[in-house]
Amino acid sequence: MRRRDLLALFGSTVIWLPLTGEAQQPEPVRRVGVLMPFPEEAPLTRAFVTAFAQALGRLGWVEGKNVRIDYRFAVGDPTLFKTYAAELVALSPDAILADTILPVAALQEQTRTIPIVFVLMRDPVGLGVVQNLARPGGNITGFSAYDTSIFEKWLQLLKEIAPAVTRVAVIFNPETTAGPYITLFSRAMEATASSLGVTVTLAPMRDDAAIEDAVAAQARQPGGGLITLPDPFMVAHHDVIIAAAARHNLPLMGLGDMFPRAGGLMSYGFDPVEVHAQAASYIDRILKGANPADLPVQQLVKLSLVINLKTAKALGLTVPPSLLARADEVIE
């Protein structure tokens, strides 16, 4: 081989090898934390997890390939929120998805720098989570679930489907429902309840026995009805609540469609599964360099009315045709 040819070959080899080595570099794996207040084995929780992971996949983030997702499920236990928040922050994730206010509050105590995207939370400005909806500031943004008008709508719908209702017990767990929610609910319901001729009472509870006691107390006199506030405890114990309402022949209104699907009378609100899919879009933008302080809080506007016609018949209720016509889904 001539010297000139050898040098040419050597030169091409020197140039070619680094390019080959660069092409073989593995894709960096990003890390996402998820803190949910619900039981891991609950069907709705699994639906949340699946919707979120699939939405990330559609955006190019495949678990086990270029993203790792660390899940923690606090099962409505206030002490676990702090424990799991600390665990997730210690992992130094690139972003964290948090369901409801209690996980967000626990994460706020642990970090002011790791980006957090919230879902299933109302009034983030009033709760002091963000500065304003358009420019959240800080490290938190997300999807605001509903405003106080939905509280009034629940009562109106319950009265419309069950005109004989004159007393409504609002059941919730004070340990898993943020205090400001209760205050906002009470204020929002006062005027509406008065105009409908309905008395509203708060019924705090912390276990299954308390659920039974509260529902039984509401059934001792005619005209009783039930509304469940959205909180992790209500989700985890929705089957107990629905069974108690059925035993005592009381109409039950819930936020998520899990209630009418499992035998409750009706629900009015957003699709919580779809919200988790939407949240993936903000996680994607953050992983690509967006600052959560600049991502506006999204307010959900699509609300659905679901009625369980079989339960209505069991309660002896005739659903007005006008209400059936407005329903997004009727379960028969």
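Caption draft 1: A look at a negative patch on the surface. On the surface, Asp207, Asp208, Asp213 and Asp239 cluster together into a patch of negative charge. With respect to the secondary-structure elements, Asp213 resides in helix α7 (residues 208–219).

Caption draft 2: Broad picture of the packing of α7 against helix α9 (residues 238–247). Orientation of α7 relative to α9, taken along the N-to-C sense of each, is 30°, at an axis distance of 9 Å. The angle between α7 and α9 places the two elements in the roughly parallel class. Crossing geometry of α7 relative to α9 is assigned as right-handed. Counted together, Asp208, Ile211, Glu212 and Val215 of α7 and Val240, Ile241, Ala244, Ala245 and Arg247 of α9 form the full contact between these two elements. A breakdown of the residues in the contact of α7 with α9 according to their chemical character gives six nonpolar, no polar and three charged.

Caption draft 3: The arrangement of the sheet that holds strand β2 (residues 67–73) in detail. Here six strands make up an open sheet; going across it, the order is β2-β1-β3-β4-β5-β11 and the pairing parallel. Strands with a single pairing partner mark the edges of an open sheet, and in this sheet they are β2 and β11 (298–299). Of the strand pairs in this sheet, strand β1 (residues 30–36) and strand β3 (residues 95–99) are connected by four bridges, and their pairing is parallel. Bridge assignment links Leu35 to a residue of β3, and that residue is Ala98. Lying on the sheet, helix α3 (residues 78–90) is in contact with β1, β2 and β3; it crosses β1 at an angle near 175°. Contacts between helix α4 (residues 101–110) and the sheet are confined to β1, β3, β4 (116–121) and β5 (140–144), with β3 contributing the most and set at about 140° to the helix.

Caption draft 4: Molecular detail of the pairing of β5. Most of β5 is tucked away: five of the five residues are buried. The sheet contact formed by β5 and β11 spans two bridges and is parallel. When the bridges of β11 are listed, Ser144 appears paired with Gln299.

Caption draft 5: Looking closely at the nonpolar core. Counting residues in hydrophobic clusters, the biggest one holds 87 residues, and the most contacted among them are Phe52, Trp154, Ile227 and Met266. Counting residues per element, this core draws most heavily on helix α11 (residues 272–287), at eight residues. Every residue in contact with Phe52, bar those within four places of it in the chain, is listed here: Val32, Val34, Ile69, Tyr71, Leu97, His276, Ala279, Ala280 and Ile283. In terms of nonpolar packing, the next biggest core, distinct from the first, is built from 22 residues, Leu35, Leu102, Val129 and Val130 among them.

Caption draft 6: Representation of the pairing of β3 in the model. In terms of burial, β3 is largely enclosed, as five of its five residues are buried. Of the two faces of β3, the one holding Ala95, Leu97 and Asp99 and the one holding Ile96 and Ala98 are both buried throughout. Sheet topology places β3 next to β4; four bridges connect them, and they run parallel. Across the sheet, residue Ile96 finds its bridge partner in β4, namely Ile116. With respect to chirality, the unit in which β3 leads through α4 into the neighbouring parallel β4 is right-handed.

Caption draft 7: The arrangement of the sheet that holds strand β13 (residues 329–331) in detail. In spatial order, the strands read β7-β6-β8-β9-β10-β12-β13; together these seven strands make up an open sheet with mixed pairing. Bordering the open sheet on either side are β7 (199–204) and β13, each of which pairs with just one other strand. When strand polarity is set aside, the average angle formed by the axes of neighbouring strands in this sheet is 20°. In this structure, strand β6 (residues 167–172) lies alongside strand β8 (residues 224–228), joined through five bridges in parallel fashion. Bridge pairing links Val170 to Ile227 in β8. Contacts from helix α5 (residues 149–161) reach β6, β7, β8, β9 (252–254), β10 (266–269) and β12 (304–308), with the element oriented near 150° to β10. Against the sheet, α9 touches β6, β8 and β9, its axis set at about 160° to β9.

Each value, and the rule that gives it
- Starting from 1, residues in each chain are numbered consecutively following that chain's sequence as written.
- A pLDDT threshold of at least 70 governs which residues receive local features in this predicted model, and a stricter bar of 80 or more applies before side-chain atom pairs are shown or counted, although totals over entire chains, interfaces and linings include all residues.
- Side-chain numbers come from the whole structure's heavy atoms, not from hydrogens or water.
- Candidates for patches are residues over 30% relative accessible area with no salt bridge; among them, like charges are joined within 9 Å and nonpolar side chains (Val, Leu, Ile, Met, Phe, Trp, Tyr) within 5 Å.
- Where accessible areas are quoted, they stem from the Shrake-Rupley method and a 1.4 Å probe; at the residue level, only the protein chains shown are allowed to cover.
- By definition here, a salt bridge exists when the distance from a side-chain nitrogen of Lys or Arg to a carboxyl oxygen of Asp or Glu is within 4 Å.
- For the charge count, each Lys or Arg is scored as positive and each Asp or Glu as negative, with His and the chain ends excluded.
- Charge positions are represented by NZ for Lys, CZ for Arg, CG for Asp and CD for Glu.
- Each helix corresponds to a stretch of at least 4 residues labelled H or I by DSSP, and each strand to a stretch of at least 2 residues labelled E; elements are numbered beginning at the N terminus.
- For every element, the axis is a line fit to its C-alpha atoms; helices are fit only across the contacting stretch, and the angle between N-to-C directions ranges from 0 to 180 degrees.
- Comment on the angle field: the value is read as roughly parallel under 35 degrees, roughly antiparallel over 145, roughly perpendicular from 65 to 115, and oblique elsewhere.
- Definitions for this section: a left-handed crossing has its near helix turned counterclockwise from the far helix by less than a right angle. A right-handed crossing has that turn clockwise.
- Residue contacts are defined here by distance: any two heavy atoms, one from each residue, within 4.5 Å place the two residues in contact.
- Residues are grouped as follows: Ala, Val, Leu, Ile, Met, Phe, Trp, Tyr, Cys and Pro are nonpolar; Asp, Glu, Lys and Arg are charged; all remaining types, including Gly, are polar.
- The criterion for strand pairing is that DSSP finds at least two bridges linking the strands in question.
- A simple rule labels every residue: compare its accessible area, found with a 1.4 Å probe on the protein chains alone, to the largest value its type can have, and call it buried under 20%, exposed over 50%, or partly exposed in between.
- Within this scheme, the nonpolar core is defined by two criteria: the residues are buried Ala, Val, Leu, Ile, Met, Phe, Trp, Tyr or Cys, and they are joined through side-chain atoms within 4.5 Å.
- For crossovers, right-handed means that the path from the first strand over the helix to the second runs clockwise, given strands pointing away from the viewer.

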